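Here is how the chains run, residue by residue.
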Amino acid sequence: MYNTYIKILLLTILGTLFSLQSTTAQSCRGYEKRCDSAPKHFEASSLSRSITMRKARKTIIHQTFYGNREYFISVCGKKRLGNIHFRLIADDESQTVLYDNAIENFQETQLFVIQNTMKVKIELSAPHYFDDQNSECAGVQVHYNRNDP
């Protein structure tokens with residue numbers, strides 16, 4: 001009887017810990033909706049998402065950008081993160097940096113045209129975030145507009 005009681009207690013404690021962990025992980029859900037919206041003629045991409053950011057860590061999102069399309073990217077984060085740094089990097093052997101918002105004082109939006117289909121990495125970081133222990137919410141929105149000839 002005593003062993004059964006201990007097993008039930010341990011399972012209850014483990015279940016509670018796992019549910020708290022998943023609750024914490026999803027606390028940023030929907031944060032990308034706080035980022036600047038794209039112009040009305042753009043369509044939302046399924047790539048838009050919320051993320052958690054930590055000091056000295058980069059988040060990389062792999063995406064295929066299709067040719068003959070105009071893209072709009074918007075990033076945002078909680079105030080404690082400071083400026084969100086994002087770069088667009090060609091996902092090939094050259095790893096060419098296509099855009100770096102640090103050059104434009106960490107601008108949170110960028111509009112660009114892709115002429116030929118290519119794989120791109122969207123790299124996000126918070127270089128001015130100094131908290132080693134905690135993560136904060138951020139979001140990225142990607143929209144596109146077809147430039148049909």
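Worth saying up front: this structure is predicted, and the values here are computed from it rather than measured.

Procedures and definitions
Residues numbered from 1 in each chain as written. Predicted model: local features only at pLDDT ≥ 70, side-chain atom pairs only at ≥ 80, totals over all residues. Heavy atoms only, no water. Helix = DSSP H or I, 4+ residues; strand = E, 2+ residues; numbered from the N terminus. Buried < 20%, exposed > 50% of the residue type's maximum accessible area, 1.4 Å probe, protein only. Contact = heavy atoms within 4.5 Å. Core = buried A, V, L, I, M, F, W, Y, C linked by side-chain atoms within 4.5 Å. Phe/Tyr/Trp six-rings, centres within 6.5 Å; stacked < 30°, edge-to-face > 60°. Pairing = 2+ DSSP bridges. Axes fitted to C-alpha atoms, helices over the stretch in contact; angles between N-to-C directions. Disulfide = S-S within 2.5 Å.

The helix and strand tally for the chain stands at 1 helix and 9 strands. Helices and strands in the chain line up, N terminus first, as α-β-β-β-β-β-β-β-β-β. Burial analysis of the chain (149 residues in total) assigns 38% to the buried set. Considering only intrachain contacts with a sequence separation of at least 6, the fraction spanning at least 24 residues in the chain is 78%.

Counting residues in each nonpolar core, the largest one holds 24 residues, and the members touching the most others are Met53, Phe65, Ile73, Ile122, Leu124 and Val142. Where this core is concerned, the elements lending two or more residues are strand 2 (49-53), strand 3 (59-65), strand 4 (69-77), strand 5 (85-90), strand 7 (109-114), strand 8 (118-125) and strand 9 (136-146). In terms of nonpolar packing, the next biggest core, distinct from the first, is built from 5 residues, Tyr31, Cys35, Cys76 and Cys137 among them.

If you walk through the whole model with that rule in mind, you get 6 aromatic pairs. Ring centres 5.5 Å apart and planes at 45° place the aromatic pair phenylalanine 86 and tyrosine 99 in the tilted group. Of the two residues, phenylalanine 86 is situated in strand 5 and tyrosine 99 in strand 6 (residues 97-100); the sequence distance between them amounts to 13 residues. Among the aromatic residues, those joined into a ring-pair cluster are Phe65, Tyr71, Phe112 and Tyr144.

The sheet built from 4 strands is open, its strands ordered 3-8-5-6 with antiparallel pairing. Both outer strands of the open sheet, strand 3 and strand 6, are each paired with one neighbouring strand and no more. For this sheet the average axis-to-axis angle between neighbouring strands, irrespective of direction, equals 20°.

Moving on, we come to the side chain of glutamine 110. Turning to its location among the elements, glutamine 110 is positioned in strand 7. Take glutamine 110: its relative accessible area is 16%, and that puts it in the buried class. Setting aside residues no more than four positions away along its own chain, glutamine 110 makes contact with Tyr71, Phe72, Ile73, Phe86, Tyr99 and Glu104.

To continue, consider the state of the cysteines. Counted under the stated rule, the structure contains 2 disulfides. Bridging cysteine 28 to cysteine 137, the disulfide has an S-S length of 1.9 Å. Classification of the bridge connecting cysteine 28 and cysteine 137 rests on its S-S torsion, roughly -85°, and on that basis the disulfide is left-handed. Pair noted here: cysteine 28 is in the loop between helix 1 (2-25) and strand 1 (43-44) and cysteine 137 is in strand 9, with a separation of 109 residues, a long-range link. The residues cysteine 28 and cysteine 137 share a single accessibility class, namely buried. The cystine pairing of the chain, numbering bonded cysteines in sequence order, is 1-4, 2-3.

A regular strand carries its side chains on alternate faces of the sheet. For strand 9, the tally of buried residues reaches 10 of 11 residues, placing the bulk of the element in the interior. Across 2 bridges, strand 1 lies against strand 9 in antiparallel orientation. Paired with glutamate 43 across the two strands is tyrosine 144, which belongs to strand 9. As judged from the 9 bridges shared by strand 4 and strand 9, these two strands associate in the antiparallel manner. Each residue of the ladder has a partner; that of tyrosine 71, found in strand 9, is tyrosine 144.

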